[in-house]
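Report on the structure
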Amino acid sequence: MNIRVLLPAGVLLIGAWITARAIRTARYTLRDKVVLITGGSRGLGLVLARHICAQGGSVALIARDPDELARAKSDLAARGRQVIDRFGRIDILINSAGIIEVGPLEHMTREDFERAMRLHFWAPYELVSRIVPEMRTRGGGRIVNVSSIGGKVAVPHLAPYSVSKFALTGFSDAIRAELARDNIHVTTVAPGMMRTGSHVNAKFKGKHDVEFAWFAAAAGAPLISMNADRAARKILAACRRGQPSLTLTFAARGAILGNALFPNLTGYMMKIVNRFLPGTGDEAGNKSRAGSEARRLVPDWLTRSADKATVRNNENKD
């Protein structure tokens, strides 16, 4: 009898939840919205910009490389939408800029940590501080902070990255409740590995070639990484419905859940994982090198999907 009652009730609750999600998404469209995207000249930021333009929005991009920015502008203009350089308002802020530095802790310096903190924490902090007052004046807005699974579960050989992403996650979660009363909805995104093609622009220390090999293989693995277009669609849908948090890839969800339920077991597993990662390099390992400079030690088929994304998402320097 209990099962007969609980089963229909469960189905009704799930149906109501799905319907509510659909309604919240439909209420807030991207048409005619002005979206500011950091790191929008390549990778995930560029993919997000393409989807926004396709839905009738206008984008303004912030990037450090002027050549990348010019190529991104041409890419988006060819899609029949306007890329605005000067704008009168910002409806949505997406903090997507990021750097990844991979290598043993022994090769990481204070400057590596400070650089990661400047880009992953202080830059979003400054933009939020400047844009929130304008959003309040206009009656609301959306903020999306793209953190990482590395900002939920610390990963070996990614110390500066994880530290700075933890800071961004904490900041994003902290401001969410306070800004909600001003109709400003904050979404914290924690992606796992994504096939954006960014592995060639990641920086590597220690045994450069070996570090690049394991990272590039993981970035292109279909079972633990997600297609960048699919990730962008999910992020924008979460933004539209004002969803507080979004975790991408089943592997990332599993890692976060495991760390929450079994933190000691997760800690022991990370120690085991670290034993299989490359050891400390020689003095030359203190120098940071881009993935595009590394020798390829793994078969091409292992990185094929990630390499294809490199060209498609403006990660290629050529």
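Rules used throughout
Here, residues in each chain are numbered from 1, in the same order as that chain's written sequence. Reporting of local features is limited, given that this is a predicted model, to residues whose pLDDT is at least 70; pairs of side-chain atoms are given and counted only at 80 or more, and all residues count toward the totals for whole chains, interfaces and linings. Neither water nor hydrogens contribute to the side-chain values; these are computed over all heavy atoms in the structure. Comment: elements are numbered from the N terminus, with helices defined as DSSP H or I runs of at least four residues and strands as E runs of at least two. Exposure is judged per residue with a 1.4 Å probe applied to protein chains only, and the accessible area is read against the type maximum: over 50% gives exposed, under 20% gives buried, and values in between give partly exposed. Whether two residues are in contact is decided by their heavy atoms, any of which lying within 4.5 Å being enough. Only the protein chains shown count as covering a residue, and every accessible area follows the Shrake-Rupley method with a 1.4 Å probe. In a helix, the anticipated span is given by 1.5 Å times the number of residues less one. One side-chain nitrogen of Lys or Arg within 4 Å of one carboxyl oxygen of Asp or Glu is enough to make a salt bridge. For two strands to pair, DSSP has to find at least two bridges joining them. Fitting a line to C-alpha atoms yields each axis, with helices limited to the stretch in contact; the angle taken between N-to-C directions then spans 0 to 180 degrees. Crossover handedness is defined by viewing with both strands directed away from the observer: a clockwise path from the first strand over the helix to the second marks the crossover as right-handed. Note on terminology: a nonpolar core comprises buried Ala, Val, Leu, Ile, Met, Phe, Trp, Tyr and Cys residues joined through side-chain atoms within 4.5 Å. Any two rings among Phe, Tyr and Trp, with Trp reduced to its six-membered ring, count as a pair given centres within 6.5 Å; such a pair is stacked if its planes are under 30 degrees apart, edge-to-face if over 60, and tilted if neither.

**Focus on the overall build of the chain**
Within the chain, the secondary structure is distributed over ten helices and eleven strands. Expressed as a percentage of its 318 residues, the buried residues of the chain come to 48%. Contacts in the chain between residues far apart in sequence, at least 24 positions, make up 78% of those at least 6 positions apart. When the accessible area of the chain is evaluated, it comes to approximately 16,300 Å², of which 58% is carbon and sulfur surface.

**Here we look at helix 6 (residues 208-220)**
The first and last C-alpha atoms of helix 6 sit 18 Å apart over 13 residues, in line with the 18 Å expected at 1.5 Å per residue. Those residues of helix 6 lying buried are H208, D209, E211, F212, A213, F215, A216, A217, A218, A219 and G220. Buried residues along helix 6 sit against strand 4 (101-102), strand 7 (193-195), strand 8 (203-204), strand 9 (225-227), strand 11 (289-290) and helix 10 (300-312).

**Points about the pattern of salt bridges**
When charged atoms on two side chains of opposite charge get close, those side chains can pair. Scanning the model with the defined rule gives ten salt bridges in all. Its salt-bridge partner being E315, residue R42 comes within 2.7 Å of it at the nearest N-O pair. Here the residue R42 occupies a position in the loop between strand 1 (34-38) and helix 2 (43-54), and E315 occupies one in the segment after helix 10, the gap between them amounting to 273 residues. For E315, a relative accessible area of 2% corresponds to the buried category. A salt bridge links R176 to D173; the nearest nitrogen and oxygen atoms lie 2.6 Å apart. On the criterion of helical spacing, the pair formed by R176 and D173 is a turn pair, its members being three residues apart in helix 5 (residues 159-180). Overall, the relative accessible area of 21% leaves R176 in the partly exposed class. Judged by its relative accessible area of 31%, D173 is partly exposed. Each of the salt bridges in this network shares a partner with another, and the network as a whole consists of E101, D112, R115 and K205.

**A word on the environment of G141**
Within the fold, G141 resides in strand 5 (residues 141-146). Measuring from C-alpha to C-alpha, the distance between G141 and I92 comes to 5.8 Å, with 49 residues separating the pair along the chain. Beyond its immediate chain neighbours, meaning those up to four positions away, G141 contacts D91, M135, N183, I184 and H185.

**Notes on the sheet that holds strand 1**
Neighbouring strands of a sheet are bound in pairs by backbone hydrogen bonds; such pairs are parallel or else antiparallel. Taken in spatial order, the six strands line up as 2-1-3-5-6-10 in an open sheet, and their pairing is parallel. For this open sheet the edge positions go to strand 2 (58-62) and strand 10 (245-248), each flanked by a neighbour on one side alone. The mean inter-strand angle of the sheet, taken between neighbouring strand axes irrespective of direction, is 15°. Inspection of the sheet shows strand 1 paired to strand 2 by five bridges, in the parallel sense. Its bridge partner lying in strand 2, I37 is registered against L61. The strands touched by helix 4 (residues 110-138) within the sheet are strand 1, strand 2, strand 3 (92-95), strand 5 and strand 6 (184-191), with strand 3 carrying the most contacts at an inclination of about 170°. Its contacts with the sheet place helix 7 (residues 228-240) against strand 3, strand 5, strand 6 and strand 10, and it is angled at close to 170° to strand 10.

**Side note on the pairing of strand 6**
Judged by how many residues are buried, strand 6 sits mostly within the fold: seven of eight residues are covered. Pairing of strand 5 with strand 6 involves six bridges; the strand directions are parallel. Each residue of the ladder has a partner; that of R142, found in strand 6, is H185. In the classification by handedness, the crossover that spans strand 5, the intervening helix 5 and the parallel strand 6 is right-handed. Here four bridges tie strand 6 to strand 10, and the two strands are oriented parallel to one another. Note that in strand 10 the partner of V189 across the bridge is L246.

**Looking at the sheet that holds strand 11**
Reading across the sheet, the three strands line up as 4-8-11 and stay open at both edges, with mixed pairing between neighbours. Edge strands, defined here as strands with exactly one partner in the open sheet, are strand 4 and strand 11. Of the pairings in the sheet, the one linking strand 8 to strand 11 comprises two bridges and is antiparallel in character. Following the sheet pairing, K203 is matched in strand 11 by A290.

**Comments concerning the nonpolar core**
Within the largest apolar cluster, 28 residues are counted, with the highest numbers of intra-cluster contacts made by I37, L48, I52, V59, I94 and I235. Listed by contribution, the elements that provide at least two residues to this core are strand 1, helix 2, strand 2, strand 3, strand 5, helix 7 and strand 10. With seven residues, helix 7 is the largest single contributor of residues to this core. Not counting residues up to four positions away in its chain, the partners in contact with I52 are L30, V35, I37, G57, S58, V59, I94 and L236. In this structure, L93, L127, F171 and I184 belong to the second largest nonpolar core, which totals 16 residues.

**Observations regarding the packing of aromatic side chains**
Under the definition given, this model contains eight aromatic pairs. Judged by centre distance (5.8 Å) and plane angle (85°), the rings of F121 and F171 are edge-to-face. With F121 in helix 4 and F171 in helix 5, this residue pair connects regions lying 50 residues apart in the sequence. Of the two residues, F121 and F171, both sit in the buried class.

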